[in-house]
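Inside the fold
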Amino acid sequence: MHFNKITKTALTALLGAALSVGLTGCGKDAVDGGAAKSADGKKIVTVAHTNYYVPYDYVNEQGESDGFEVAVMKEVAKKLPQYEFKFVPTSDDDLLIGVESGKYTVGTKGIWITDARKKKYVFPKNNIGASVIGLTIRKDTANEIKDMASFAKFSGKIVPIAPQDARYMVVDTYNKENPDNQIKLTSSESFQNADAYSWVMEGRYDGYLDVELSYKNNIAKEDAPYHAFSDKLTYVRYKGIPTYPIFNKNEQAFADEYDKAIEELRAEGKIAELEQKYFGESLSEYLK
């Protein structure tokens, strides 16, 4: 995959720009969410997105909202000229709390559907994109572990996952679909990525269910914080997980309009074009 690269110096500048943009966006329009009106009477839609999650949602070197999911939402905006879209870079917590409270109309940050989230937000019928999930394993087991099934057969010893983590659902679903070849799924409180990687290297566990982008950012890249682990660890893809924007509970009608726009964009090939631009491949293929 090709991912945009941001230097540490640029990142510092970007975060400053994001804070500035975020504060500007958190004025009347952001607080009033979808209820605000533009000068020409259009309903203002505030789209919150994370400011660092390259290449999904981030602030680029020009201080602009950018990323695959942001780009898709900008194309949705073109399909819905009756609204004025305003993009607000922010933190994970502010996005989640803000959409739930109505501060923002919609939020996007590579979100997976979970039962807990469905109670708080409106999810559209159509996903906006996808993320790839798989196993971080030791290189000395790579000849035997090629996928989830071979991992389960090898040992099934996976790093514990917090029940509220969407990854827990991924393994639980696999186990339900493969009753005769189970993964040893146990629950745990949250921990640092470094701990999980160390536990796999030490042989305490044989796999860590990891989003591929996290593996790349944490281990694979030369400037990754745990790049020293790359001599002993490798990654095996499992499947694609659809990602969705989340809408405030009062925005079902707008979510329906989003669905119509996404269907048109997908039929026109625009989604595939943006996937190639930001990922260098079609992640949607992993959802089939």
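Bear in mind the structure is a predicted one, so any value in this text is a computation, not a measurement.

1. A word on the overall build of the protein
When its secondary structure is counted, the protein shows 11 helices and 9 strands. Each of the 288 residues in the protein was classed as buried or not, and the buried ones make up 51%. Long-range contacts, defined here as pairs at least 24 residues apart, represent 73% of the contacts in the protein between residues at least 6 apart.

2. Let's talk about the packing of helix α3 (residues 68-79) against helix α10 (residues 252-268)
For any two helices packed against each other, the geometry comes down to the angle between their axes and how far apart the axes lie. Between α3 and α10, whose axes approach to 9 Å, the crossing angle comes to 105°. Taken together, the axis directions place α3 and α10 in an arrangement best described as roughly perpendicular. Of α10, the residues touching α3 (which contributes Val72, Met73, Glu75, Val76 and Lys79) are Tyr258, Ala261, Ile262, Glu264, Leu265 and Glu268. Looking at the contact of α3 with α10 residue by residue, the classes come out as 7 nonpolar, no polar and 4 charged.

3. Overview of the pairing of strand β8 (residues 208-211)
Side-chain alternation along β8 places Tyr208 and Asp210 on one buried face and Leu209 and Val211 on a second face that is also buried. Of the strand pairs in this sheet, strand β7 (residues 129-138) and β8 are connected by 4 bridges, and their pairing is antiparallel. Residue pairing across strands places Ile133 opposite Val211, the latter belonging to β8.

4. Focus: the UniProt feature "coiled-coil region" (unreviewed entry) in the protein
Residues annotated in UniProt with the feature "coiled-coil region" (unreviewed entry) correspond here to residues 248-275. Taken end to end, residues 248-275 has its terminal C-alpha atoms 26 Å apart, with 82% of it in helix and 0% in strand.

5. Re the nonpolar core
Counting residues in each nonpolar core, the largest one holds 55 residues, and the members touching the most others are Val72, Met73, Val76, Phe85, Ile183, Leu209 and Phe254. Broken down by element, the residue count for this core peaks at 7 residues, all from α3. Looking at which domains feed residues into this core, each of domain 1 (43-130 + 242-286) and domain 2 (132-240) supplies at least three. Excluding anything up to four places from it in sequence, Val72 contacts Ile128, Ile262, Leu265, Ile271 and Leu274.

Thresholds applied
- Residues numbered from 1 in each chain as written.
- Predicted model: local features only at pLDDT ≥ 70, side-chain atom pairs only at ≥ 80, totals over all residues.
- Heavy atoms only, no water.
- Helix = DSSP H or I, 4+ residues; strand = E, 2+ residues; numbered from the N terminus.
- Buried < 20%, exposed > 50% of the residue type's maximum accessible area, 1.4 Å probe, protein only.
- Contact = heavy atoms within 4.5 Å.
- Axes fitted to C-alpha atoms, helices over the stretch in contact; angles between N-to-C directions.
- Parallel < 35°, antiparallel > 145°, perpendicular 65-115°, else oblique.
- Nonpolar A, V, L, I, M, F, W, Y, C, P; charged D, E, K, R; others polar.
- Pairing = 2+ DSSP bridges.
- UniProt positions renumbered as here; feature names shortened; annotations may be inferred.
- Core = buried A, V, L, I, M, F, W, Y, C linked by side-chain atoms within 4.5 Å.
- Domains from an automatic or database assignment.

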